[in-house]
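Letter by letter, the chains look like this.
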Amino acid sequence: MMEITEGSHAIAEAVRLCRPQVISAYPITPQTHIVEALADFVANCQLDAEYITVENELSALSACIGASAAGSRTYSATTSQGLALMFEVCFNAAGMRLPIIMSIANRALGAPLSIWNDQQDSISLRDSGWLQFYAEDNQEATDLHLLAYKVAEDHSIQLPAFVCFDGFILSHTYEPVDMLTQEDVDKYLPKFSPYERLDAADPISFGMYATPEYYPEFRYEMDQAQKRAKDVIAKAGKEFGAMFGRDYSALIEGYRLEDADTAIVAMGSICGTIKDAIDEMRVEGKKVGLLKIRVFRPFPSEEIAKMLSHVKRVAVLDKNISLGAKGATALEVRDALYGSTIPVKGYVLGLGGRDVRKKDIKEIVALSEKGQGDIFYGLRKELI
Amino acid sequence: MTEKTCDLFDCGHRACGGCGAALVARLVTKAAGKDSIFVSSTGCMEVFSTPYPETAWKVPWIHSLFENAAAVASGVEASLKKQGRKEKVVIMAGDGATFDIGMICISGAFERGHDFTYICYDNEAYMNTGIQRSGATPYDASTTTSPAGKCSFGNKRQKKDMPAILAAHGAPYVATTSIAYPADLLQKVEKAIATPGPSYVQVHAPCCTGWGFEGEQTIAIAKLAIETGLWVNYEMIDGKVTKVKKVVRKPVEEYLKTQKRFRHLFKPKRQDAEIAAIQAIADKNAEKFGIDIKLPPKKE
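Residues numbered from 1 in each chain as written. Chains lettered and ligands numbered in written order. Predicted model: local features only at pLDDT ≥ 70, side-chain atom pairs only at ≥ 80, totals over all residues.

S.K.: Break down the overall build of chain B for me, citing the residues and quoting the values.
M.R.: A tally of regular secondary structure across chain B gives eleven helices and ten strands. Relative to its length of 300 residues, chain B is compact, with a C-alpha radius of gyration of 19 Å against a globular reference of 19 Å. Considered along the principal axes of its C-alpha atoms, chain B spans approximately 65 × 40 × 40 Å. When burial is assessed residue by residue, chain B has 53% of its 300 residues classed as buried. (Helix = DSSP H or I, 4+ residues; strand = E, 2+ residues; numbered from the N terminus. Rg over C-alpha atoms; globule rule 2.2 N^0.38 Å. Buried ≥ 20, exposed ≤ 12 C-beta atoms within 10 Å, placed from the backbone.)

S.K.: How would you explain the overall build of chain A if you had to name every residue and give the values?
M.R.: Secondary structure summary: chain A contains 13 helices and 16 strands in total. The C-alpha atoms of chain A give a radius of gyration of 20 Å, which matches the 21 Å a tight globule of 384 residues would have. Based on the C-alpha atoms only, the size of chain A along its principal axes is roughly 65 × 55 × 45 Å. For chain A, the residues scored as buried account for 53% of the 384 residues in total. Pairs at least 24 residues apart make up 78% of the contacts formed inside chain A by residues separated by at least 6 positions. (Contact = placed C-beta atoms within 7 Å.)

S.K.: Can you break down the packing of helix α1 (residues 7–17) of chain A against helix α7 (residues 138–152) of chain A residue by residue, with the values?
M.R.: In a pair of packed helices, the angle between the axes and the distance between the axes together describe the arrangement. Residue and element names in this part refer to chain A. Between α1 and α7, the shortest axis-to-axis distance is 9 Å and the interhelical angle comes to 20°. Of the possible angle classes, the one that applies to α1 and α7 is roughly parallel. As for how α1 packs across α7, the hand of that crossing is right-handed. On α7, the residues touching G7, A10, I11, A14 and V15 of α1 are N138, A141, T142, H145 and L146. (Axes fitted to C-alpha atoms, helices over the stretch in contact; angles between N-to-C directions. Parallel < 35°, antiparallel > 145°, perpendicular 65-115°, else oblique. Left-handed = near helix turned anticlockwise from the far one by under 90°.)

S.K.: Summarise the sheet that holds strand β8 (residues 199–204) of chain B; cite the residues concerned and give the values.
M.R.: The nine strands are arranged β9(A)-β2(B)-β1(B)-β3(B)-β4(B)-β8(B)-β7(B)-β9(B)-β10(B) in an open sheet whose pairing can be described as mixed. The open sheet terminates on both sides in strands that have one partner only, identified here as β9 (205–206) of chain A together with β10 (240–244) of chain B. Bridge count between strand β7 (residues 173–178) of chain B and strand β9 (residues 234–237) of chain B: three bridges; the pairing is antiparallel. When the bridges of β9(B) are listed, B:A175 appears paired with B:E235. Where helix α3 (residues 69–83) of chain B meets the sheet, its contacts fall on β1 (36–40), β2 (61–63), β3 (88–94) and β4 (117–122) of chain B, and the angle it forms with β3(B) comes to roughly 170°. (Pairing = 2+ DSSP bridges.)

S.K.: Describe the interface of chain A and chain B, with residues and values.
M.R.: For an interface, size is often stated in terms of accessible area lost upon the parts coming together. Of the residues lining the interface, 36 residues belong to chain A; the matching set on chain B comes to 38 residues. Only β2 (22–25), β3 (50–53), α3 (57–69), α5 (87–95) and β9 of chain A provide two or more residues apiece to the side of chain A that touches chain B. Residue contributions to the side of chain A that touches chain B peak at nine residues, all from α3(A). Looking at side-chain class alone, the side of chain A that touches chain B contains 20 nonpolar, twelve polar and four charged residues. Pairing analysis gives two bridges linking β9(A) to β2(B), with the strands arranged parallel. Residue pairing in the sheet places A:F206 in a bridge with B:I62 of β2(B). (Nonpolar A, V, L, I, M, F, W, Y, C, P; charged D, E, K, R; others polar.)

S.K.: A description of the sheet that holds strand β7 (residues 161–166) of chain A should follow, citing residues and the corresponding values.
M.R.: Across the sheet, which stays open at both edges, the seven strands sit in the order β3-β2-β4-β5-β7-β6-β13 (chain A) with mixed pairing between neighbours. If you trace the sheet from one side to the other, it starts and ends with β3 and β13 (295–297) of chain A, each paired once. Across the sheet, the mean angle from the axis of one strand to that of its neighbour is 20°, orientation sign disregarded. Direction of pairing for β2(A) relative to β3(A): parallel, over a ladder of four bridges. The residue of β3(A) that forms the bridge with A:S24 is A:I52. Sitting on the sheet, α3(B) is in contact with β2 and β3 of chain A, with an inclination near 160° to β3(A).

S.K.: Quick one: what's the story with helix α11 (residues 272–289) of chain B, residue by residue and with numbers?
M.R.: The end-to-end C-alpha distance of α11(B) is 26 Å, a good match for the 26 Å that 18 residues give at a rise of 1.5 Å each. B:G290 sits one or two residues past α11(B) and shows a positive phi near 65°. (Expected span 1.5 Å × (residues − 1).)

S.K.: Describe in detail unusual backbone geometry, supporting the description with residues and values.
M.R.: Between A:R297 and A:P298 the backbone carries a cis peptide bond, its omega angle lying at -5°. Between B:K267 and B:P268 the backbone carries a cis peptide bond, its omega angle lying at 0°. With respect to the helices, strands and loops of the structure, B:P268 is situated in the loop between α10 (253–256) and α11. Non-glycine residue A:Q158 carries a positive phi angle of around 50°.

S.K.: Let's hear about the domain arrangement of chain A: which residues, and what values?
M.R.: All names here are of chain A. For chain A, the assigned domains are domain 1 (2–244) and domain 2 (252–383). On a C-alpha basis, the centres of domain 1 and domain 2 stand 27 Å from each other. Residue-level contacts link 26 residues of domain 1 with 19 residues of domain 2. For the side of domain 1 that touches domain 2, the element with the most residues is helix α9 (residues 215–244), which contributes five residues. Of the residues that constitute the side of domain 1 that touches domain 2, the class distribution is twelve nonpolar, seven polar and seven charged. (Domains from an automatic or database assignment.)

S.K.: Kindly report on the pairing of β7(B), identifying the contributing residues and their values.
M.R.: Residue and element names in this part refer to chain B. Of all six residues that make up β7, six are buried, and the element is covered over most of its length. The alternating pattern of β7 places Y173, A175 and T177 on one face and V174, T176 and S178 on the opposite face, and all of these are buried. Where β7 and β8 come together, six bridges link them in parallel fashion. What sits directly across from V174, in β8, is Y200. Tracing the backbone out of β7, into helix α7 (residues 182–194) and back to the parallel element β8 gives a crossover that is right-handed. (Right-handed = clockwise from strand over helix to strand, strands pointing away.)

S.K.: So what's going on with the pairing of β2(A)? Which residues, and what values?
M.R.: Residues and elements named next belong to chain A. Neither face of β2 is open: one carries V22 and S24, the other I23 and A25, and all of them are buried. Traced from β2 through helix α2 (residues 32–43) to β3, the parallel crossover comes out right-handed. Inspection of the sheet shows β2 paired to strand β4 (residues 74–78) by two bridges, in the parallel sense. In the sheet register, I23 faces β4, and the bridge partner there is Y75.

S.K.: I'd like a description of the confidence of the model for chain B, backed by residues and values.
M.R.: Taken residue by residue, chain B gives an average pLDDT of 96. The fraction at 70 or more is 98%. Among the scores for the predicted complex, ipTM is 0.97 and pTM is 0.97. (pLDDT = per-residue confidence, 0-100.)

Quick look at the structure:
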């Protein structure tokens, strides 16, 4: 049923329908509306879960590790500084192969302190072993939570997942969202059946230490699981499409890309703005298209190379910067296109919530046509 | 081939001969029984008991990080509660993980009132990384980060009073015990586990490698700590001290001179003022807990 609702509320509702048994979270702007809504559900018997109000984010994810290892479906949500505080725990949860789902309301990292959106937080954890999904709008943000549980809990994957959506831009915005019913979700997402768990009837040891004779194979197995996730996402995404009419089988999506000369590559809510800008540029006769990345981990290198094989140039937009290098997506797209002659230029923009408008997208396309890129776009010259 | 079994904490682990912490693991698993789930912090015990693919734990066991055992245990407990399971949750952490790096997680977990038992095996320094001082290191102990030297007598601070801190959180059961008194240890751990809510048991566990004594002396040294009043075995129920181990006290010197970590107090020359300062700590303990057994005056 379509409902005009706030992003955070739609996400909380989707999480409720996934029947998490243990929720553990710590409030942080702009994630708070989600955890408040979930607390409300528990307080009103609309969600039968243990809700642990921890003292910080490190404990939030640590409690999820314990809960998941003991055999419960587990959920947390955070952003920015909170995710940074979880850095050590993120690597640990993935290493223990626990399918925890965590919502990330993407926000910039301090200093200087900023509560506004960019994607530096989750991108900075790209090496942690978590699957990473990025939503363009609130419908996608909502749906991806179901998909994430389905993929993460698959016994051939067993990895945790971030569901990322732009803080404020999506989390605090009212949009029409097709709200699923409990019956629908139960049909799509079966009860959690852990591959193994802490159980007195069958004692096992979790989280042992590994010497150099054993450690590399653990990392290799995680990398293999990441790669296997491509097929599992394709299958789970297709099944989602068959049941609810929105197909998420592809890790990337093209928009007016088939005959494009210039391809813009981007992730998250900015894709909506880009699509509008493309429509206008097309009217002006400019052959511009969009490649939207929905899944950043596993990174869809081959898929991207294939989809971009015909274009004349690629402009990659990054709401993050690997300081001293480039935006993370630009680096990885360039790697995906290694060996081709297609020029790839990166544009770092929208950091700390700096607004990105249609005219900015058009200007970036013009710059890429002139071969200019690998820059911070839209800086205020008077401040430098 | 006959299989040799050593309780729920199996033999064949890699602790030093005479390791106090290994004895804590053996006794605590015995007291907890097989229907329990153990959560460990990073530390000596975690490393010597679980080198992949081997484990000494015959109960379910999880280790996540150095600082987060109390938070992981909170999650385990909530998970079991949700599933209607009855296993008991027992945390096993060293003094560094407890007194220092884990304080925030511990404070949060005790404040929330999860039903678990937190065991701190207290060997009074970071042993796994090579004997660095922790908040549990006693006054004047020489460690690799509080070394005795020309202008230092070693660690400048007294032990942090963790039991009091956790009692102040409203923990219904807080106790201290020692590997020198296994019956007392077993009884207190059983009581802690049987008490609903968060319980804390701090176990004095000498470390032959870190303190500098021969492995066969572990129990004797643990006993001397109690007999000199430098360690007190007591029990607190709802914040009130209800039981104290009383002793006929010996001078602290008898304890100090058994260990290399206090050697600088005797060699190259005796440091009377420092020994007196440590004696004052023992005297204060004795007064606070009333541990002294008053002997009748000797007949001439």
